[in-house]
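Secondary and tertiary structure notes
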Amino acid sequence: MNSSKLSKERSNALFCYVMLGITCVSLVELCTGGKFGYYFRANTTGTFMDLFESIILNKSFGGKPGIYPPVPDLVYKCLAHMVDFSFIDSSLSVLEQGSQLRADISGAVYIMCHILYFVLPFFVMLLVSINGSLKKKIAYALLLSLSGIVFWSLERGNCIIYAFLFSFLFVFLYSLGDRKSANLAYFCLALAASIKLYPAIFGVVLLEKRDWKGAMVCFAEFVGLYVVAFFCCGYSFRYFGGNFFNVLAWGEGKQLSAYSYSLKNLILIGDAIVRKLSILPFALNTRLLIRLAQIVCMLLCLWVYHDTRRYWEKLFCLSLLCIYIPSISYQYALLFLMIPLVYFLNEKDVGPFDGFYDVAFAVFVSLLVIPVQFPIKITLVVHQLLLLAM
């Protein structure tokens, strides 16, 4: 066995040991009086609410589009038409109506399907995309599919998990190199972008390969999915342009959040600190700073993407944009780090900082890694520092 292979095995072992160590510490904390509310949302009325609120808001066809693209809206409308809403008090808030739906047997079925239709495909994709022996494949597939970031993302019930799933499938299929896989990869990327717009950034992979035809096919499929779903939802054409820009959510996320990883939220936090401490004699133009930060971040990531030769680092740059650029980017956005992580584990050569990357990735995905309810929201601070360092 050559030294490079041996070093890579040690690197992968470090990732596993750190991840398992943090998980054991978290479980010990739970078993000695900790609460799951420290790790997830303390307000239990909001559990799975991204799913149930979306179904409540899409009880009927037509009306005005919301903040989601029409493809997930269409799915929510179909799910809503499987339920008799007579037991739900329509005078209540959307959150309270969602809680009533969650308490019904139909809500339990939705939850089971929501978990099963993500975890099973994700587990299978990990099995086929991770290199090595069957034992290694199963070990990593179990470790990652049962990781803390997957738990948190499932508990939110947000459709981003499927945008991530199709983005991951695109990267894997396109890397196979054959025409049939590439054609399926184009559709996967178009579908991911039609669920959440920002996975379209993975189209940079097509541009780097100068696959102009593939990029055009992918764009045409995205437009087709968007337009067909829009009119299937019964939306009026006058909402079409407004819906597209609303989905970009430039106006969302105006309030500070202890859960958001977006550049917009970081700028707002910085502005709040400046105003609180009266550091500057004038008010900051946060809107301009947010735009500048997003542009600079995109240019830096694309420059590093072009400059680096390691494939996982290229994917990390694109995943980082999926986390930083959206105005609302909660912890479930960290799912996109699973894509570069898989290719990092597959990397044959060992870099000088791979030990640090092992620890950083382990911190991001560990089961119940660090409570999100600490007074200073230490999870967000630790994660942001690691993202910047990586």
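Nothing here was measured: the structure is a model prediction, and the numbers come from that model. (Residues numbered from 1 in each chain as written. Predicted model: local features only at pLDDT ≥ 70, side-chain atom pairs only at ≥ 80, totals over all residues. Heavy atoms only, no water.)

**Here's the deal with the pattern of salt bridges**
Applicable threshold: Salt bridges are defined by distance alone: a side-chain nitrogen of Lys or Arg within 4 Å of a carboxyl oxygen of Asp or Glu. Working definition: with a 1.4 Å probe on protein chains only, accessible area under 20% of the residue-type maximum means buried, over 50% means exposed, and in between means partly exposed. Secondary structure elements follow DSSP: runs of H or I of four or more residues count as helices, runs of E of two or more count as strands, with numbering from the N terminus.
This model, assessed by the stated rule, comprises four salt bridges. The closest approach of N and O atoms between Glu 155 and Arg 156, which form a salt bridge, is 3.2 Å. Residue Glu 155 shares its accessibility class with Arg 156, and that shared class is buried. A salt bridge links Glu 347 to Arg 310, with the nearest nitrogen and oxygen atoms 3.9 Å apart. Of the two residues, Glu 347 sits in the loop between α16 (338-346) and α17 (354-365) while Arg 310 sits in the loop between α14 (286-307) and α15 (311-324), which places them 37 residues apart along the sequence. Of the residues examined, Glu 347 reaches a relative accessible area of 16% and is grouped as buried. Connected via shared salt-bridge partners are Arg 310, Glu 313 and Glu 347.

**Some points on the packing of aromatic side chains**
Here is the rule we go by: Within 6.5 Å between ring centres, the rings of Phe, Tyr and Trp (the latter by its six-membered ring) count as paired, and their orientation is classed by plane angle as stacked under 30 degrees, edge-to-face over 60, tilted in between. In this scheme, the term charge over a ring applies when either NZ of a lysine or CZ of an arginine sits within 6 Å of the ring centre and within 35 degrees of the ring normal.
With the rule as written, the count across this model stands at 23 aromatic pairs. Ring centres of Phe 202 and Phe 336 lie 6.4 Å apart, and the angle between their planes is 25°; this geometry places the pair in the stacked category. Linking Phe 202 in the loop between α9 (179-195) and α10 (204-208) with Phe 336 in the loop between α15 and α16, this pair joins segments that are 134 residues apart in sequence. A relative accessible area of 0% places Phe 202 in the buried class. Among the aromatic residues, those joined into a ring-pair cluster are Phe 118, Phe 122, Phe 164, Phe 168, Tyr 198, Phe 202 and Phe 336. Between Lys 59 and the ring centre of Phe 85, over which it is positioned, the NZ or CZ distance is 5.5 Å.

**Focus on the nonpolar core**
Operational definition: To qualify as a nonpolar core, a set must consist of buried Ala, Val, Leu, Ile, Met, Phe, Trp, Tyr and Cys residues joined through side-chain atoms within 4.5 Å. Any pair of residues with heavy atoms lying within 4.5 Å of one another is described as a contacting pair.
Counting 79 residues, the largest nonpolar core has Phe 15, Phe 170, Phe 202 and Met 338 as its most contacted members. Here Met 338 is in contact with Phe 122, Leu 144, Ser 147, Ile 149, Val 150, Phe 164 and Val 365, once residues within four sequence places are set aside. If you look at the next biggest cluster of nonpolar residues, it comprises 21 residues, including Tyr 68, Ile 88, Cys 159 and Ile 195.

**What to know about unusual backbone geometry**
A positive phi is found at Arg 210, a non-glycine position, where the angle reads about 60°. Mapped onto the secondary structure, Arg 210 falls in the loop between α10 and α11 (212-232). A residue is classified by how much of its surface remains accessible, and Arg 210, at 63% relative accessible area, is exposed.

**Some remarks on the confidence of the model for the protein chain**
Here is the rule: The predictor rates its confidence in each residue with pLDDT, a number between 0 and 100.
With 80% of its residues at a pLDDT of 70 or more, the protein chain shows a mean pLDDT of 79. Low confidence marks residues 369-376, where pLDDT is under 50. Its contacts with residues over four positions away, or in another chain, come to 27 contacts.

**With respect to the side chain of Asn 158**
We apply this condition: Contacts described as polar in this section are N or O atom pairs within 3.5 Å, which, within protein, must combine one atom able to donate a hydrogen with one able to accept it, while residues neighboring in sequence count only if both atoms come from side chains.
Checked against the element boundaries, Asn 158 lands in the loop between α7 (148-156) and α8 (160-176). The exposure class assigned to Asn 158 is buried, which follows from its relative accessible area of 2%. Of note is the side chain of Asn 158, whose polar atom sits 2.9 Å from the side chain of Asp 50. At 3.1 Å, the side chain of Asn 158 and the side chain of Tyr 68 are in polar contact. With residues up to four places along the chain from it excluded, the contact list for Asn 158 reads Asp 50, Tyr 68, His 114, Ser 153, Lys 196 and Tyr 332.

**Some words on the side chain of Ser 319**
The residue Ser 319 is located in helix α15 in this model. Residue Ser 319 is classed as buried on the basis of its relative accessible area of 0%. The residues contacting Ser 319, other than those within four sequence positions of it, are Phe 202, Phe 336, Leu 337, Ile 339 and Pro 340.

**Describing the packing of helix α2 (residues 49-57) against helix α4 (residues 94-103)**
What counts, and what does not: Each axis is a line fitted through C-alpha atoms, taken for helices only over the stretch in contact, and angles between the N-to-C directions span 0 to 180 degrees. Roughly parallel here means an angle under 35 degrees, roughly antiparallel means over 145, roughly perpendicular means 65 to 115, and every remaining angle is called oblique. Throughout, the ten residues Ala, Val, Leu, Ile, Met, Phe, Trp, Tyr, Cys and Pro are labelled nonpolar, Asp, Glu, Lys and Arg are labelled charged, and all others, Gly among them, are labelled polar.
Two elements in contact, α2 and α4, have axes whose closest approach is 8 Å; the angle formed by their N-to-C orientations is 105°. The pairing of α2 with α4 is recorded here as roughly perpendicular in orientation. Facing α2, whose interface residues are Met 49, Phe 52, Glu 53, Ile 55, Ile 56 and Leu 57, α4 presents Val 94, Leu 95, Gln 97, Gly 98, Ser 99, Leu 101 and Arg 102. Classifying every residue of the contact of α2 with α4 gives eight nonpolar, three polar and two charged.

**Concerning α15**
Test applied: Helix span, as expected, comes to 1.5 Å for every residue beyond the first.
With 14 residues, α15 extends 20 Å between its outermost C-alpha atoms, agreeing within 8% with the 20 Å of an ideal straight helix rising 1.5 Å per residue. Within α15, 13 of the 14 residues are buried, which leaves it mostly tucked inside the rest of the structure.

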